[in-house]
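Analysis of the macromolecular model
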Amino acid sequence: MDALKLIEQDSTKKELPKFSIGDTVKVSVNIREGSRERIQMFEGTVIAIKGSGIAKTFTVRRLSYGVGIERVFPMHSPNVVDVQVVRSGKVRRAKLYYLRDRVGKAAKVKENIQ
């Protein structure tokens, strides 16, 4: 546990933009395939944010060919290159796990117009 605190104090990683539950984000992820590296985009709705400090993670969900795909990203991972907020969502829950059971337009989150 002390090692995590040392890493947290030592981290000089750039700050990610502020996003919350229900926002649609584009996550740029560094993918290693053998000796090659490339950046892959994963766009979806943030359905959960867990943890605190250096161990904070967020879960992004999207539909691909009718199949729901969820990925959990560590907030302070060196493999997460960038996070762009595409649109902000208007929600009244801390976790949006109920979206897993919904299909089509019912699985959409209303946009928060500011």
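The structure reproduced in this document is the subject of the present report. Predicted model only: the values in this text are computed from it and were never measured.

Here the focus is the overall build of the protein. A count of helices and strands for the protein gives 1 helix and 5 strands. When its helices and strands are written in sequence order, the protein yields α-β-β-β-β-β. Looking at the protein residue by residue over its 114 residues, the buried ones come to 29%. A separation of at least 24 residues holds for 49% of the contacts in the protein among residues at least 6 apart in sequence. As displayed, the protein has an accessible area near 8,200 Å², and 50% of this comes from carbon and sulfur atoms.

A few words now on the packing of aromatic side chains. Overall, the coordinates contain 3 aromatic pairs when judged by the stated rule. An aromatic cluster of three or more residues is present, and its members are Phe19, Phe42, Phe58 and Phe73. Above the plane of the ring of Phe42 lies Arg71, whose end atom (NZ or CZ) is 5.6 Å from the centre.

What follows covers the nonpolar core. By size, the foremost hydrophobic cluster in this structure holds 20 residues, and its most contacted members are Phe19, Val25, Val27, Phe58, Val60, Phe73 and Val83. Elements represented by at least two residues in this core include exactly β1 (24–33), β2 (36–50), β3 (57–64) and β5 (80–87). Beyond its immediate stretch of four places on either side in the chain, Val83 contacts Leu16, Pro17, Phe19, Val25, Lys26, Val27 and Phe58.

Not every positive phi belongs to a glycine, and Tyr65 is a case in point at roughly 55°. Turning to its location among the elements, Tyr65 is positioned in the loop between β3 and β4 (67–74).

Turning next to the pairing of β2. Across 10 bridges, β1 lies against β2 in antiparallel orientation. What sits directly across from Asn30, in β2, is Ile39. Between the antiparallel neighbours β1 and β2 lie 2 residues, among them Gly34 with a positive phi of about 70°.

Before going further, it helps to examine the pattern of salt bridges. Counted according to the given criterion, the structure contains 5 salt bridges. With a shortest N-O distance of 3.0 Å, Arg61 and Glu70 are connected by a salt bridge. Residue classification places Arg61 among the buried residues on the basis of a relative accessible area of 15%.

Taken together, the side chains of Lys90, Arg92, Arg93 and Lys110 define a basic patch exposed on the protein surface. You can see Lys110 is positioned in the segment after β5.

Quick notes on the rules
- Residues numbered from 1 in each chain as written.
- Predicted model: local features only at pLDDT ≥ 70, side-chain atom pairs only at ≥ 80, totals over all residues.
- Heavy atoms only, no water.
- Helix = DSSP H or I, 4+ residues; strand = E, 2+ residues; numbered from the N terminus.
- Buried < 20%, exposed > 50% of the residue type's maximum accessible area, 1.4 Å probe, protein only.
- Contact = heavy atoms within 4.5 Å.
- Areas by Shrake-Rupley, 256 points an atom, 1.4 Å probe, with all protein chains shown as cover.
- Phe/Tyr/Trp six-rings, centres within 6.5 Å; stacked < 30°, edge-to-face > 60°.
- Lys NZ or Arg CZ within 6 Å of the ring centre and 35° of its normal.
- Core = buried A, V, L, I, M, F, W, Y, C linked by side-chain atoms within 4.5 Å.
- Pairing = 2+ DSSP bridges.
- Salt bridge = Lys/Arg side-chain N within 4 Å of Asp/Glu carboxyl O.
- Patch = residues over 30% accessible without salt bridge, like charges linked within 9 Å, V, L, I, M, F, W, Y side chains within 5 Å.
- Lys, Arg positive; Asp, Glu negative; His and termini not counted.
- Charge placed at Lys NZ, Arg CZ, Asp CG, Glu CD.

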